[in-house]
Structures are given as structure tokens and as C-alpha cells.
Amino acid sequence: MAKLKKAEIKPYKEMLIHLRARLRGDVSTLANSALSSSGGGGSGSSAVPSHMADMGSDTFEQDNTILLMNSEGETLTMVESALERVEEGSYGICLECQSKIPKTRLKALPYTPHCVKCASELEENNY
Ligand SMILES: [Zn+2]
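Notes on the structure in this doc start here. (Residues numbered from 1 in each chain as written. Predicted model: local features only at pLDDT ≥ 70, side-chain atom pairs only at ≥ 80, totals over all residues. Heavy atoms only, no water.)

## Some thoughts on the coordination of the zinc ion
Taken together, the protein donors to the zinc ion comprise Cys94 (SG), Cys97 (SG), Cys115 (SG) and Cys118 (SG), at separations of 2.2 to 2.3 Å. Here the zinc ion binds four donor atoms, and the angle range of 105 to 114 degrees at the metal identifies the geometry as tetrahedral. Counting gaps between the donor residues of the zinc ion yields the pattern C-x2-C-x17-C-x2-C. In this structure cysteine 97 comes out as partly exposed when scored by relative accessible area, which is 36%. (Donors = N, O, S within 2.8 Å, 3.2 Å for Na, K, Ca; no water. Tetrahedral: all angles 85-135°; square planar, octahedral: opposite > 155°, others 65-115°. Buried < 20%, exposed > 50% of the residue type's maximum accessible area, 1.4 Å probe, protein only.)

## Notes on the packing of aromatic side chains
Applying the stated criterion across every chain yields a total of one aromatic pair. Here tyrosine 12 and tyrosine 91 contribute two aromatic rings whose centre-to-centre distance is 6.0 Å and whose plane-to-plane angle is 40 degrees, an arrangement assigned as tilted. With tyrosine 12 in helix α1 (residues 6-40) and tyrosine 91 in the loop between α3 (57-88) and α4 (103-108), this pair connects stretches of sequence that are 79 residues apart. The pair formed by tyrosine 12 and tyrosine 91 is uniform in burial state, with each residue classed as buried. (Phe/Tyr/Trp six-rings, centres within 6.5 Å; stacked < 30°, edge-to-face > 60°. Helix = DSSP H or I, 4+ residues; strand = E, 2+ residues; numbered from the N terminus.)

## Quick word on unusual backbone geometry
Within the chain, glutamine 98 stands out as a residue other than glycine whose phi angle is a positive 60 degrees. For glutamine 98, the location among the structural elements is in the loop between α3 and α4.

In C-alpha cells:
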């Protein structure tokens, strides 16, 4: 049975945890930085013109958030299920053909559940 060793999975697990934190945190981080830049306006945050942040910042922020949710929500779901596979010990194994996913692919897409071959076959079926 093809399986990755815990030591092999570890770096990908860390990548996934960081990725998940970033995907989860992005929205609030954005909101916080927008708030602090419009609120401060003093010596520290001169890089962001405060009048820009003030005018119509509400709609601007909302549009941004929706974009983030759409593009990164799916990724977050994939990251979370990848972390579940880490816990199960099945991480790095293609869900379709049960063969090991190449490390180069895992480094590029640590949350992928499929090897290159199956991913391209699945894409052909989907579209
Ligand atoms: Zn496969």
C-alpha cells in the first residue's frame, strides 16, 4: 500500500497549515489594515493616503471580500480536506488511482488530491 512517511508529509502539512491560516485570515487582515490606515492617517501610515481609504471604502472593501471568498474559498476547502488526509495518513496518494503524487506536484499544489494524470482526466470530464 502506497503511503508517505510522516516525515515526508511534515513539510507539506506545514505548508497546508500556513496556507489555511492565510486563506482564513486574509479577509480579517484586509479589514484590519484598511481600518488602521484610514483611522491613523498620521506619521506612520503615510504610504496609504487616508482620503483614498475614506471615500467609498465600504463598497470597495465588500467587493474585495467577495472576490476573495470566491477565488479562495474553494482553495480553502481543498486545503482543509488535504489536512484531513494528512491526519488519516493518506496524504500524497491520488484519490483516483491510489498512486503516489509526485513531490514536485505536491510542492506546487500541496492541497491537490490527484496526480497529474487523473487531474487532467477529471478536468476533461468536467469541461
Ligand atoms: Zn491518479
